Amino acid sequence: MKILTRYSIKSILTVFLIALMIFSFLVMAVETFMHLDSFMTGNLGIREMFIYALSSLSTYFMMLISLSILFSITYFLSSLSANNELISLYTAGLSKIRILFPIILLSLFMTLFFFLLNESLVLEWKNQKEIISQEYFGMSGTYDARNTVLYDEESGYMIYADRYSESYSRLYSPILIKTMDGSVKERIEADYAEYSERQWVFYNARVVLNENGEIDSFTEKEYADPGFKIPEEMFRSQNLQIETMELRYAYEYLERMERVNRISWQEGMTEFLRRLSSPLGILVLAIIAMSMNYTFKKNVLLFSIVQSLVIAVVYYVADMVFSIAARQGAISVYAVFYLPPLITVALSYLISFLGKKI
């Protein structure tokens, strides 16, 4: 039994790594070709081309992993069938569940592992890709957010800033307003504000307070409002993109957005659910590969690979179509989480049924 487990996992991982390298090379080649004019215009060399192509893999990372596991499991099981090894295993008294058990465990482990990886290192990888693309293609190489507006409905604070500098943790020309019961209770204008010890300090601040109908205005060289607690991470421009926002800040940001702008929340929540479900593609495609028909009367390997490619295309096309519909409000945002897998699994069983006739 242990021999079968080791053999199955080793065979699948070997093909998985080879397939991942081939798919990654193809993506890098396509990305390089698509930006070839920009590279030539910017007088960028082969080294810069390679760095950008490598960074571009971050956008397609989870898709490449899912496709590779689908291909590797399909190749392994179709090879067992083509070489009559499945018949030998069944003759030895092994059930289909026992043969597939190591593959199921491997798929679960890879799904969990790449989910954690996607929420940590891959986020940084995507951020680096944005920095590199901006730098190479003549745009600003910083992540400074401009014309930033954030509102905290719970505390009543709203802040506007011309620019946020991540390098200095600084907001330039900030305007902070606190409202309560439909009236403005506080207004602060400053030259800049810095984030220090988990609070914002406003420099050269002009403060106007409205307390019980009495207006009090003054200036302070340094002024801090203890009630204003929006964290620095919310101002980073890359963190205003759900694809690269840290998980805890993404959830908080979407909560705020749902109360303020339902349309923007619809779009952001769609991307957030797609991001969370992307590692599940590994498990979904692995299950589909295990449930496919490998009893073709001829050309088992060829038909199995073609079948897996068709299913993969359907899965990602369905994901794209339903995500567009969810962004537009045509369907529930949560549909992007469960509809693509359901449709793909149904198609897989249909193809398997038709394959028995071949």
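Residues numbered from 1 in each chain as written. Predicted model: local features only at pLDDT ≥ 70, side-chain atom pairs only at ≥ 80, totals over all residues. Heavy atoms only, no water.

1. Here's the deal with the packing of aromatic side chains
Piece 1. Counted under the stated rule, the structure contains 13 aromatic pairs.
Piece 2. Aromatic side chains Y192 and Y203 sit 4.9 Å apart centroid to centroid with 20° between the ring planes, which places their arrangement in the stacked category. Placement of Y192 in strand β6 (residues 192-196) and of Y203 in strand β7 (residues 199-211) is noted, with a sequence separation of 11 residues between them.
Piece 3. Judged by relative accessible area, which is 17%, Y203 ranks as buried.
Piece 4. Pairwise contacts between aromatic rings join F61, F109, F113, F114 and W125 into one cluster.
Piece 5. Cation over ring: R170 sits above Y192, and NZ or CZ is 4.3 Å from the ring centre. (Phe/Tyr/Trp six-rings, centres within 6.5 Å; stacked < 30°, edge-to-face > 60°. Helix = DSSP H or I, 4+ residues; strand = E, 2+ residues; numbered from the N terminus. Buried < 20%, exposed > 50% of the residue type's maximum accessible area, 1.4 Å probe, protein only. Lys NZ or Arg CZ within 6 Å of the ring centre and 35° of its normal.)

2. Details of the environment of Y75
Piece 1. Its location among the elements puts Y75 in helix α3 (residues 46-82).
Piece 2. For Y75, the residues in contact, after removing those within four places along its chain, are V15 and L301. (Contact = heavy atoms within 4.5 Å.)

3. Observations regarding the pairing of β6
Piece 1. Relative to β6, strand β3 (residues 170-172) runs antiparallel, the two sharing 3 bridges. Of the residues in β6, the one forming a bridge with Y172 is Y192.
Piece 2. In terms of strand pairing, β6 meets β7 through 5 bridges, oriented antiparallel. Each residue of the ladder has a partner; that of A193, found in β7, is F202.
Piece 3. The antiparallel pairing of β6 with β7 creates a hairpin that spans 2 residues between the two strands, and E197 there sits at a positive phi of about 50°. (Pairing = 2+ DSSP bridges.)

4. A word on the side chain of S66
Piece 1. With respect to the element layout, S66 can be found in helix α3.
Piece 2. With sequence-adjacent residues up to four places away left out, S66 is seen in contact with S278, G281, I282, L285 and Y316.

5. Some points on the nonpolar core
Piece 1. The biggest cluster of nonpolar side chains holds 40 residues, and the ones touching the most others in it are I73, L77 and I103.
Piece 2. Listing elements by their share of this core, those giving two or more residues are α1 (2-34), α3, α4 (85-91), α5 (96-118), α9 (280-291) and α10 (300-327).
Piece 3. Residue contributions to this core peak at 12 residues, all from α3.
Piece 4. L77 has contacts with L86, L100, I103, A289, M290 and Y294, leaving out every residue within four places of it along the chain.
Piece 5. Within the second largest apolar cluster, 36 residues are counted, among which are Y249, L254, L273 and A318. (Core = buried A, V, L, I, M, F, W, Y, C linked by side-chain atoms within 4.5 Å.)

6. Thoughts on the packing of α1 against α3
Piece 1. Following both chains from N to C, one finds α1 and α3 inclined at 145°, their axes separated by 6 Å at the closest point. Two packed elements cross with a definite hand, and for α1 against α3 that hand is right-handed.
Piece 2. A per-class count over the contact of α1 with α3 returns 25 nonpolar, 7 polar and 1 charged. (Axes fitted to C-alpha atoms, helices over the stretch in contact; angles between N-to-C directions. Left-handed = near helix turned anticlockwise from the far one by under 90°. Nonpolar A, V, L, I, M, F, W, Y, C, P; charged D, E, K, R; others polar.)

7. A closer look at the pattern of salt bridges
Piece 1. Summed over all chains, the structure comprises 8 salt bridges.
Piece 2. A salt bridge links E48 to R47; the nearest nitrogen and oxygen atoms lie 3.9 Å apart.
Piece 3. Each member of the salt-bridge network shares a partner with another, and the members are E271, R274, D319 and R327. (Salt bridge = Lys/Arg side-chain N within 4 Å of Asp/Glu carboxyl O.)

Note that every value here comes from positions in space, so none of it alone points to a role or purpose.
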